[in-house]
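Understanding the architecture of this molecule
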Amino acid sequence: MTVHNIRVGESKRGDASDGTLAEAVGGRLSRVDGPAKITGAAKYAVEQQLEGLAYAVLVESTIASGKVRAIDTASAEASPGVLRVLTPDTIISLRTASDWLGTTPPDKPYCPLARDITFSGQHVAAVVAETFEQAVAAAALVNVSYDETPSIVDLSDGKAGDGIAIDAMTKEWGDAPAAFAAAPVRICAAYNTPREYQAPMEPHGLIARWEGDRLTVWEPSQWLDGMARTYAEWFEVPFENVRLVSPYIGGGFGSKALALSHGAVAASAAKMIGRPVKLVMTRPQTFTGYGGRAATRQTVTIGADRDGVIQSIVHRGVNETSIDGMWVEPLGSVTSIMYATPNFSSKQNVVRVNSVVPGAMRAPGENPSAFGIESAIDELAYEVGIDPLEIRLRNYAEQDPHAKKAWSTRQLREAFAAGAERFGWSRRSPKPRSMRDGNQLIGWGVAAGTYPVRRAYGEAVVRILADGSVEVESSSIDMGQGTYTILAQTAAETLGVPADDVVVKLGDSRFARAGVSGGSRLAGVMTGAVHKAATSALDQLVGLAISDPRSPFHALQANTLVVANGRIGSPRGDGPDVSIAELLKSVGRDRIEATGDTMPANSTAEDRYKNYTTIAMALPHTEGDYSRYSWCAHFIEVRVDEDFGTVRVSRVVSALDSGRLYNPKLAESQWKGGIIMGIGQALLEEGIMDRRHGRIVNNNLADYLVPTNADIPDIEVISVGIPDPHSSALGGKGVGELGIVGVAPAIANAVFHATGKRVRDLPITLEKLI
Amino acid sequence: MRDFSYLRATSTDAARQAAALPGAMLLAGGTTLIDLAKCGVAEPDTLVDITHLKGLDRIAVDERGATIGALARMGHVADHADIKSRFPAISEALWQAASAQIRNMATIGGNLMQRTRCPYFRDPANFAACNKRVSGSGCSAIGGVTRGHAVLGTSEACIAMYPGDLATALVAFDATVHLGERKLLVDDFFLLPGTTPDREHAIEPGEMITAIAIPGSAAARRSTYLKIRDRQSYEFAAASAAVGIEFEADGRTIRDLRVALGGVATKPWRVRAVEDALKGKVLEPETVRAASLLAVEGAVDHGANHYKIELAPRVVARAILKLGETA
Ligand SMILES: Cc1cc2nc3c(=O)[nH]c(=O)nc-3n(C[C@H](O)[C@H](O)[C@H](O)COP(=O)(O)OP(=O)(O)OC[C@H]3O[C@@H](n4cnc5c(N)ncnc54)[C@H](O)[C@@H]3O)c2cc1C
Ligand code: SF4
């Protein structure tokens, strides 16, 4: 069991072209976990080799709605190597766990294997065997019979109805319908996004091992403490008895934050057979074992005057959820804040369909919301004959139109200016179909994006060891976004040691607790916590140096000392100059340890538990006097073949405001990753449903298309952010989710400019354009 | 557990004999076969690994034509200098197929034999009805998701599209499949589904593809493979065209023309109607576009695949016109 250790010195330095030292906060230090991943040394959760490991394989429902009549396990049980066949009747009983808000659950048993079928691909049984192959073979022998009932396939199903009104989503001011009716220019259109899937490289899976009533789970996780809480509640053991280990994550995109039913199956199986059990989803199972992005529909109506100044926005949204779960994809989130409007109304319904409960996928809510409003304002621009960039500036929201508060920082105007300049927007010919290169119609589109700054409290341990090196510990995680790297930078800068001397340990729930790594909050939360812990360690170090009689500085009677490059000296350089290791030796200490957390001072143990294992204590982004968001503007060129309808993105320039960047190189990669995912969303990604069976049929990566390198042009990203003291301790705002928001509408707008065809249903596949 | 035996063939004859036994299957690069075994479609009792056979990966090209051994890798053939210069359509069909990793593993013999991507065919656990898998069980695709299905050569029993790119180029240039001594035109090697979609090739038990041969021609020398798809790489064709052209001395009048369609039919689809309509004509955009419409004569759609009927003639026309430009 390797707990993960990474030394900064193993990776190549970033260039320090901006003048910042690569290893200081704000420097372009390369990913410190890069070499381990590239050489294969990085051990992912399910790669652990454990003594006595058994293998579980899931059996899934082949109908979308109905009841399990019977499960015949006889031939599976007789199959070689089979240790146990789990069905709803034979699996141990679990307790229902609380949700991610920590809401007290109903006091009833929980069974991760279903008798009542509410979607195709639901787990109904599992086989545990000595080898993976034996488990696969036996799983195919489990014979499940069903009593099938008609299913509600999707939002367009006649049986789906209008759904449930989610009043908490309603946002209204002024009199939007009346102002719309009175407006001289009116546009109204419907925008749809399909089911989309996170499709991480590393499929979901875990190894679960019980030792008495202690459970260890090796599982890729965006939230160790939250998942540990769920496991603890399911199995009715103390939270402290559950250890989650997740040193690396092969992509999450929102899908790995919660303990899911397959985890309950594996941990139950391990308990039942008294051996560690490994369960890994097949790629097809990753399309039904947990939820992707819900399909959405929105209507956006905008009333404006002839100069394109918005008078009213009326927005209605619908997203699908499952038959017995609730997922709300907040569709009015961008609609309500992007543009100034005196009159506004947004409402949302949720419709139950026979699907797995949808889940979080990069920028849930903001992403589809932006597709609606950023397409609609483009339509308005053409309607009134104003440049799409100009109309956005004309309706610029000088404050948060919904919260009616000042923006903490909003560098969106700067983003428009910088992006337009780099892209050459002023050379755009306004008319659709007016730019071409041979058979290629060329279109230029713009759209804005935003994502709220989600804030929470964090905790970290910083240790200065006898040899002068530094350890940072946190149960937060790195799923590729660069946590290892920026926390090393933060500790190095705060303590005055080279980043080479910092070891960051993450991904073990035994470490200092951490909340969810989602909503682009982790960097802001954790740099703040590490900064605090490191500051307190530094105070201890300096305090010892000044006050300990054995210290070489004792005689100096200084009231402070400076630590730089791992050495301690007096501010004026007139006293001794010793290394941290030498100082610790002289005062007879083998370490200094400090825990830092950013919780309010009077927090109780219960507050802490709640803070790290639920999202109930997240700080609202409109708390206090400010409204806090990240912002971006995407300028995109597409080439559409006039005969074939194929769309290729040929140029992207995006300017983004994520506040201060802790590491520009990593932030740029995150932004680009988001933009690439946005290109996939705009042009390729869609779960395709067999309506008779209620089943997604393109449930593999040959048929569910994500972009390849050949689909991605050079992407230029420009940082226009400034430090935002209201958003985080060190001035950063969110990075990870921002980049995807607004990409799909920028592409759809460019496609309209190229072809004169407005595509309002994603993805924009070729048959929609020929 | 599904046990199977693995046999490494030491000679072509031994391979053929072993493969003649019931439940035996040849294993080449494995990129189709192992995939289908994982989906539960292929359930071999014996795998006869032919990748160690000597001499079957040769590529020989001269003015009379090219002979490509069944074990030559897709990637090697695509990069072969003489294939590129004498048969550009073949090289282009190959490098636009699959991914670099697959092309490095996959063989030419296996490539011809690849199976349809029909999602119902590939998911026996959820869709019992598939005439191609189990004769007489019905067709799950008809009435279901058909975006990728064929519009040409379909039957009531099966509308599955043949997804291969190479065979489309081969059929345009009258290539033959060598099954040892027996030689068959590629066009005859692939069968229409008719009432027996489970039978896809005119290959008998105990036979094995040893090579393919492509006659050299002026049309093959001036040829191209145009593949259209939503994703720029690593996707099967929405529609594709293999086209070769030979002009009269005037450089404008079409002497010889070869046209085959991929991505739209149940087998590699030669379209002689387009060839005949244009032979002897001067290459003009209007004439070419009008003639290209003949490519989809008799096409039948199943809803979501209707776009293929629009798309295919445009792909043919573009490919022909592109070759004209390089005159
Ligand atoms: C994700 C993905 C994308 C792909 N995209 C494309 C694409 O865009 N275009 C395209 O054309 N192809 C594509 N392919 C298909 C790929 O080209 C084939 O899988 C490959 O060519 C098969 O060759 P192989 O050597 O791996 O065959 P194997 O998998 O070893 O064998 C395939 C079949 O052929 C039989 N066989 C093998 N050799 C012989 C022989 N000498 N004689 C008789 N029978 C034989 C085997 O018994 C088996 O039934 C794709 C495949 C995948 C998995
Ligand atoms: S189209 Fe052919 S392969 Fe697909 S389900 Fe029907 S019979 Fe099977």
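Residues numbered from 1 in each chain as written. Chains lettered and ligands numbered in written order. Predicted model: local features only at pLDDT ≥ 70, side-chain atom pairs only at ≥ 80, totals over all residues. Heavy atoms only, no water.

1. A few points about the overall build of chain A
Along the backbone of chain A there are 15 helices and 35 strands. Since a compact globule built from 770 residues should have a radius of gyration of about 27 Å, the 27 Å found for chain A is in line with a globular shape. By sequence separation, contacts in chain A at least 24 residues apart represent 79% of the contacts at least 6 residues apart. For chain A, the computed accessible surface area is about 27,200 Å², with 51% contributed by carbon and sulfur atoms. Looking at chain A, you have 76 positive and 88 negative side-chain charges, and the mean spots of the two groups are 1 Å apart. (Helix = DSSP H or I, 4+ residues; strand = E, 2+ residues; numbered from the N terminus. Rg over C-alpha atoms; globule rule 2.2 N^0.38 Å. Contact = heavy atoms within 4.5 Å. Areas by Shrake-Rupley, 256 points an atom, 1.4 Å probe, with all protein chains shown as cover. Lys, Arg positive; Asp, Glu negative; His and termini not counted. Charge placed at Lys NZ, Arg CZ, Asp CG, Glu CD.)

2. Overview of the overall build of chain B
Within chain B one finds 13 helices and 12 strands. The principal-axis extents of the C-alpha atoms in chain B amount to approximately 65 × 45 × 30 Å. Across the 327 residues in chain B, those meeting the buried criterion constitute 56%. In chain B, of all internal contacts separated by at least 6 residues, the share reaching a separation of at least 24 is 64%. With the model as given, the accessible surface of chain B reaches about 13,200 Å², and the carbon-plus-sulfur share is 52%. Chain B carries 38 positive and 37 negative side-chain charges, and their two centres are separated by 3 Å. (Buried < 20%, exposed > 50% of the residue type's maximum accessible area, 1.4 Å probe, protein only.)

3. Examining the interface of chain B and chain A
The partner chain A presents 37 residues to the 31 residues of chain B that form the contact. Where chain B abuts chain A, roughly 2,800 Å² becomes buried across the two surfaces, and 58% of that area is made up of carbon and sulfur atoms. Between chain B and chain A we count 5 salt bridges in total. For the salt bridge of D643 of chain A with R318 of chain B, the shortest nitrogen-to-oxygen distance reads 2.9 Å. In this assembly, chain B and chain A are joined by 13 residue pairs in polar contact (both at pLDDT 80 or more). Looking at the side of chain B that touches chain A, the elements with two or more residues in it are strand 9 (223-228) and helix 13 (307-325) of chain B. By residue number, the principal contributor to the side of chain B that touches chain A is helix 13 of chain B, which donates 6 residues. (Buried area = accessible area lost by both parts, 1.4 Å probe. Salt bridge = Lys/Arg side-chain N within 4 Å of Asp/Glu carboxyl O. Polar contact = N/O pair within 3.5 Å; in protein donor to acceptor, adjacent residues only side chain to side chain.)

4. A look at the packing of aromatic side chains
Residues and elements named next belong to chain A. Scanning all chains against the criterion turns up 22 aromatic pairs over all chains. For the pair Y197 and F287, a centre-to-centre distance of 4.8 Å together with 50° between the ring planes defines the contact as tilted. Of this pair, Y197 sits in the loop between strand 12 (185-193) and strand 13 (205-211) while F287 is found in the loop between strand 16 (277-280) and strand 17 (296-304), placing the two residues 90 residues apart along the sequence. Each member of the pair, Y197 as well as F287, is classed as buried. (Phe/Tyr/Trp six-rings, centres within 6.5 Å; stacked < 30°, edge-to-face > 60°.)

5. Describing the domain arrangement of chain A
Interfaces are frequently sized by the accessible area removed from exposure as the parts join. Residue and element names in this part refer to chain A. One can read the domain layout of chain A as domain 1 (365-454 + 622-768) and domain 2 (456-613). Buried area between domain 1 and domain 2, both sides added, is near 1,100 Å², and the carbon and sulfur share of it is 59%. Taken as a group, R454, Y662 and L730 account for 47% of the area that domain 1 buries against domain 2, more than any other trio of residues on that side. Where domain 1 packs against domain 2, one counts 3 residue pairs in polar contact (both at pLDDT 80 or more). For the side of domain 1 that touches domain 2, the per-class residue count stands at 6 nonpolar, 5 polar and 2 charged. (Domains from an automatic or database assignment. Nonpolar A, V, L, I, M, F, W, Y, C, P; charged D, E, K, R; others polar.)

6. A closer look at the site of ligand 2
Around ligand 2 there are 14 residues in total, and C118, C130, C139, C158 and I159 of chain B lie nearest to it. Among the residues making up the shell around ligand 2, the classes are represented as 10 nonpolar, 3 polar and 1 charged. (Near = heavy atom within 4 Å.)

7. Re the site of ligand 1
Around ligand 1 there are 31 residues in total, and L26, G30, T31, T32 and D165 of chain B lie nearest to it. Proximal residues around ligand 1 fall on chains A and B, making this an inter-chain site. At 2.8 Å, a backbone N or O of G29 of chain B approaches an oxygen atom of ligand 1. About the coverage of ligand 1: the protein hides 94% of its 970 Å² of free accessible area.

8. Brief notes about the sheet that holds strand 7 (residues 116-117) of chain A
All names here are of chain A. Taken in spatial order, the 3 strands of this open sheet run 7-3-9, and their pairing is antiparallel. Among the strands making up the open sheet, the edge pair consists of strand 7 and strand 9 (143-148). With 2 bridges connecting them, strand 3 (residues 66-72) and strand 7 associate as antiparallel partners. For K67, the partnering residue across the bridge sits in strand 7 and is D116. (Pairing = 2+ DSSP bridges.)

9. Notes on the packing of helix 12 (residues 285-292) of chain B against helix 13 of chain B
All names here are of chain B. Contact geometry of helix 12 with helix 13 gives a least axis separation of 8 Å together with a crossing angle of 145°. The chirality of how helix 12 crosses helix 13 is right-handed. Residues P285, V288, R289 and S292 of helix 12 pack against P313, V316, A317, I320 and L321 of helix 13. Across the contact of helix 12 with helix 13, the residue classes break down as 7 nonpolar, 1 polar and 1 charged. (Axes fitted to C-alpha atoms, helices over the stretch in contact; angles between N-to-C directions. Left-handed = near helix turned anticlockwise from the far one by under 90°.)

10. A look at helix 9 (residues 412-423) of chain A
Residues and elements named next belong to chain A. With 12 residues, helix 9 extends 16 Å between its outermost C-alpha atoms, agreeing within 8% with the 16 Å of an ideal straight helix rising 1.5 Å per residue. All buried positions along helix 9 are accounted for by L412, A415, F416, G419, A420 and F423. Around the axis of helix 9, the buried residues are gathered within 120° of arc, so they sit on the same side. Facing away from the buried side of helix 9 by over 90 degrees, the exposed positions are E421 and R422. Contact partners of the buried residues in helix 9: helix 8 (388-394), strand 22 (440-452), strand 31 (629-641) and strand 32 (647-657). Downstream of helix 9 by a residue or two, G424 has a phi angle that is positive, lying close to 85°. (Expected span 1.5 Å × (residues − 1). Arc of directions from axis to C-beta.)

11. Side note on the environment of A488 of chain A
All names here are of chain A. Here A488 is to be found in helix 10 (residues 483-495). According to the relative accessible area criterion, A488 is buried, its value standing at 1%. Sequence-wise, A488 and V530 are 42 residues apart; in three dimensions their C-alpha atoms are separated by 9.1 Å.

12. Observations concerning the pairing of strand 8 (residues 123-129) of chain A
All names here are of chain A. Summarising burial for strand 8: 7 of the 7 residues are buried, a large majority. In this structure, strand 2 (residues 54-60) lies alongside strand 8, joined through 6 bridges in antiparallel fashion. When the bridges of strand 8 are listed, E60 appears paired with H123.

13. As for the side chain of S375 of chain A
All names here are of chain A. Checked against the element boundaries, S375 lands in helix 7 (residues 366-384). Take S375: its relative accessible area is 1%, and that puts it in the buried class. Residues contacting S375, with those up to four places away along its chain left out, are Y191, A370, P745, N749 and R758.

14. Here's the deal with the nonpolar core
Residue and element names in this part refer to chain A. F635, V638, I747 and I764 are the most contacted members of the largest nonpolar core, which has 90 residues in total. Not counting chain neighbours up to four residues away, the residues in contact with V638 comprise L441, I442, G443, V647, R648, V649, S650, I747, A750, V751 and A754. Core analysis: the second largest hydrophobic core is formed by 46 residues, V32, A460, A533 and L561 among them. (Core = buried A, V, L, I, M, F, W, Y, C linked by side-chain atoms within 4.5 Å.)

15. Describing the pattern of salt bridges
If the charged atoms of two oppositely charged side chains come close together, the side chains can form a pair. Within this structure, the stated rule accounts for 66 salt bridges over all chains. Put simply, D641 of chain A and R318 of chain B hold a salt bridge, and the shortest N to O gap is 2.7 Å. Highlighted residues: D641 of chain A in strand 31 and R318 of chain B in helix 13, drawn from two different chains. Taken as a pair, D641 of chain A and R318 of chain B share a single burial class, namely buried. Of the charged contacts, one joins D690 of chain A and R692 of chain A as a salt bridge, the two residues approaching to 2.7 Å between their closest N and O atoms. Owing to a relative accessible area of 0%, D690 of chain A belongs among the buried residues under this scheme. Each of E374, D378, E379, R392, R758 and R760 of chain A takes part in salt bridges that share partners, so that together they form one network.

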